[in-house]
Amino acid sequence: MAKVRSSKGDSVLPRKCDGHVGFADLPNQLYRRSVRNGFEFTLMVVGESGLGKSTLINSLFLSDVYTTTNYDDKIKQTLQIETSTMDLEENGVRLKLTLVDTPGFGDAIDNTNCWQPIIEFIQKRFDEYIQQESRVDREYHIVDTRVHCCLYFIPPTGHSLRPIDIEFMKQLHDKVNIVPIIAKADTMTEAECKGYKKRILKDLRDNKIRIFEFQEVAGEDEDYVAQHKSSKESIPFAVIGSNTKIQLNGGKEVRVRKYPWGMVEVENNDHSDFIHLRNVLIRTHMFDLIYNTNNLHYENYRYRKSGGSSGGQEGTNYKIRLAKEEEEVKHRLATVEARMAEVYENQIKEKMKKHKDNEMDIKRRHEHLSKSNDQQRREYEEKKKKFEREKSDFAHISKKLEEAQLSAKGPSTSSLPRSPKPGHKNDKTDGKEKKKKKLW
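Every value quoted in this text rests on a predicted model; they were computed, and no experiment measured them.

A. Representation of the nonpolar core in the model. Counting residues in each nonpolar core, the largest one holds 72 residues, and the members touching the most others are Phe41, Met44, Leu60, Leu151, Phe168, Leu172 and Leu277. Looking at which element gives the most residues to this core, the answer is helix α3 (residues 116–134), with seven residues. Leave out the neighbours within four places in its chain, and Phe41 touches Leu95, Lys96, Leu97, Thr98, His148, Cys149, Met286, Leu289 and Ile290.

Listed below in structure tokens is the structure:
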């Protein structure tokens, strides 16, 4: 389905191609060109001596990148930058890997500004790339020697980040992609490791240090999404490295660390986050690291280098300004949210107070009505009792009056002879006397 832009407006009209045009093969062309040119990737490892940096690099690339002769005498009191480049090939894809090691970092008694040589090295690589881009007869393919990723090794103290760790990452987080790593994670228990990770992330947030965020790749299946989520939740990666290889019962060769009580597998997710680190660093997000270096850190440095602001001062790239504006907006939003929360809380308190006042008023009215009803009930009971007494007295007096009246009239009618009832058989006046009365 092709989309054709109308000449009269900005509306995009979909048009279906009748046949095969060919631009659908652009990804394949890009793939063939990339495979032909190969890729360049520069990885920097920073950390104190004895944290297993070289061993981890060997485990990452399944190759003896560092040999024993390379790091026998690496413990130095002054920081030095050492680089080594090698060509790796996997399934026809060539990778020119440059490893930048920093022996002596943090090993001195006074580590003031010990990160300055690292900053100068990164900026020097940026300057070299700017010079190659600025040449009139520049080459068709510019060799990329910029530092794309910095693996910062954190010692497994189990407490929190040290001042040197915080200051180093604050100085470099806007110049290179930083991926924090907890070295020698097998020296901590599972609970200690989880707590250590939470404290490290809190220190990074509190000091506003931006580490590289591994974004999710769109269009992948559910298994990839679940794996990516698990890998992202493992940051900072607690890893274990080893050069010891053994064969399991199935013939599979694995790297392990042997102990008197057993062994720890490097590529076992239950033992370390090594698999998560390798997946996001090499298999899924290596190009993102290269892309972010070119479009963010390098562009920022180039803009500042060219004097982006007036007065010869260093300019601020629009991305940095956007980041600052975003932080300001977030701060304003947080302030507004805090004020709204305070107003809402005050309104809730007022309503609760009003509700309690109404409740107390209703309670008082109820008590008053209850007392009033009890008083009226008592008065009614007293009146009722009084009425009953008066009624009883009246009935008693009436009875005495009747008896007095009867005694005044004489003997009672009950003692006189009863008159015969009408229709009685002894009633002789029933017939003839009635006729006489009628005649009269």
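B. Broad picture of the environment of Ile209. Of note, Ile209 is situated in the loop between α5 (190–206) and α6 (222–233). Judged by relative accessible area, Ile209 falls into the buried class, the value being 8%. When the C-alpha atoms of Ile209 and Met169 are compared, they prove to be 6.7 Å apart, with 40 residues separating the residues in sequence. Residue contacts for Ile209: discarding those within four places in its chain leaves Ile166, Met169, Lys170, His173 and Leu204.

C. The sheet that holds strand β4 (residues 82–90), seen in detail. Taken together, six strands build an open sheet; the order of strands is β4-β5-β3-β6-β7-β8 and the sheet is mixed. Bordering the open sheet on either side are β4 and β8 (237–238), each of which pairs with just one other strand. Across the sheet, α5 touches β6 (149–154), β7 (178–182) and β8, and the angle it forms with β7 is around 150 degrees.

D. View of the packing of aromatic side chains. Counting across every chain of the model gives eight aromatic pairs. Geometrically, the ring pair formed by Phe105 and Tyr152 is edge-to-face, given 6.2 Å between the ring centres and 85 degrees between the ring planes. Note that Phe105 is positioned in the loop between β5 (93–101) and α3 and Tyr152 in strand β6, a separation of 47 residues in sequence. On the basis of an interplanar angle of 35 degrees and a centroid distance of 5.3 Å, the ring pair of Phe126 and Tyr301 is categorised as tilted. Linking Phe126 in helix α3 with Tyr301 in helix α8 (residues 286–305), this pair joins segments that are 175 residues apart in sequence. Tyr301 matches Phe126 in its accessibility class, with the two residues each being buried. The structure contains a cluster of three or more aromatic residues connected by ring pairs, namely Phe126, Tyr129, Tyr298 and Tyr301. In this structure, Arg146 packs its charged tip against the face of Tyr129, placed 3.8 Å from the ring centre. Its end group placed over the ring of Tyr298, Arg146 keeps NZ or CZ at 4.7 Å from the ring centre.

E. Broad picture of the sheet that holds strand β10 (residues 253–259). Reading across from one edge, β9-β10-β11 is the order of the three strands in this open sheet, with antiparallel pairing throughout. For this open sheet the edge positions go to β9 (244–247) and β11 (262–265), each flanked by a neighbour on one side alone. Going across the sheet, the axis of each strand differs from the next one's by a mean of 55 degrees, ignoring polarity.

F. Region of interest: the state of the cysteines. One pass over the full model with this rule turns up zero disulfides. Looking at Cys150, it has no disulfide partner, and the nearest cysteine sulfur is the one in Cys149, 7.0 Å off.

Definitions and cut-offs
Residues numbered from 1 in each chain as written. Predicted model: local features only at pLDDT ≥ 70, side-chain atom pairs only at ≥ 80, totals over all residues. Heavy atoms only, no water. Core = buried A, V, L, I, M, F, W, Y, C linked by side-chain atoms within 4.5 Å. Buried < 20%, exposed > 50% of the residue type's maximum accessible area, 1.4 Å probe, protein only. Helix = DSSP H or I, 4+ residues; strand = E, 2+ residues; numbered from the N terminus. Contact = heavy atoms within 4.5 Å. Pairing = 2+ DSSP bridges. Axes fitted to C-alpha atoms, helices over the stretch in contact; angles between N-to-C directions. Phe/Tyr/Trp six-rings, centres within 6.5 Å; stacked < 30°, edge-to-face > 60°. Lys NZ or Arg CZ within 6 Å of the ring centre and 35° of its normal. Disulfide = S-S within 2.5 Å.

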